[in-house]
Amino acid sequence: MKAASLFLLFLGLFFLTNCGESEIQLPDQVLVGQVEGEAWELKFANAYIYSSDLKYQIKFLSTKEGGQDPCALPSTANSHISLIMPLQRGSFSIPLPITTESARFHWSDGSSAIATSGFLEIFDIDNLRIFGYLQAQLDDENTVEGSFEVQICN
């Protein structure tokens, strides 16, 4: 009886010490997927101040972009993904509460649509860089997932 009580005590302590450890395991991959039904891969991303309340517009630009400086491309005609947010760490569901600021797929014909599901995780903001993970989906032809680094340009 004493051995069974001791076993239950250790089992209870094990569960109590591991309770609350809900670390999310995310795949270690760069932001990739499909945009307009074509393969899409992140080359780099930039962030520019968007509003007086210090929200930034982040643009995730593909490998179709030329050059090596993300800040040299404030706009593009190529397919890309964008979102608007304050610079803060945290986890966010997509679509974001303010729908017009949520993750948006931009197509090469100039049209766009807001992602209907996914999440955004901002891990760190350091030395004018934002580090995070994005999963955004509109439909089978417009879905991306992976890690990213954003250069804050102003």
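Our structure is the block above this text.
## A closer look at the overall build of the chain
Here comes step 1: In terms of regular secondary structure, the chain is built from one helix and 10 strands.
Here comes step 2: Helices and strands in the chain line up, N terminus first, as α-β-β-β-β-β-β-β-β-β-β.
Here comes step 3: Out of the 154 residues in the chain, the part that is buried amounts to 33%.
Here comes step 4: Sequence-distant contacts, at least 24 apart, represent 51% of the contacts inside the chain between residues at least 6 apart.
Here comes step 5: With an accessible surface of roughly 9100 Å², the chain has 56% of that area assigned to carbon and sulfur atoms.

## With respect to the environment of Ala 45
Here comes step 1: Looking at the secondary structure, you find Ala 45 in strand E2 (residues 38-49).
Here comes step 2: Separated by 105 residues in sequence, Ala 45 and Val 150 have C-alpha atoms that sit 4.7 Å apart.
Here comes step 3: Residues within four places of Ala 45 in sequence aside, it is in contact with Lys 59, Phe 60, Pro 70, Glu 149, Val 150 and Gln 151.

Reading the values: rules and limits
- Residues numbered from 1 in each chain as written.
- Predicted model: local features only at pLDDT ≥ 70, side-chain atom pairs only at ≥ 80, totals over all residues.
- Heavy atoms only, no water.
- Helix = DSSP H or I, 4+ residues; strand = E, 2+ residues; numbered from the N terminus.
- Buried < 20%, exposed > 50% of the residue type's maximum accessible area, 1.4 Å probe, protein only.
- Contact = heavy atoms within 4.5 Å.
- Areas by Shrake-Rupley, 256 points an atom, 1.4 Å probe, with all protein chains shown as cover.

That is the geometry; function is a separate question.
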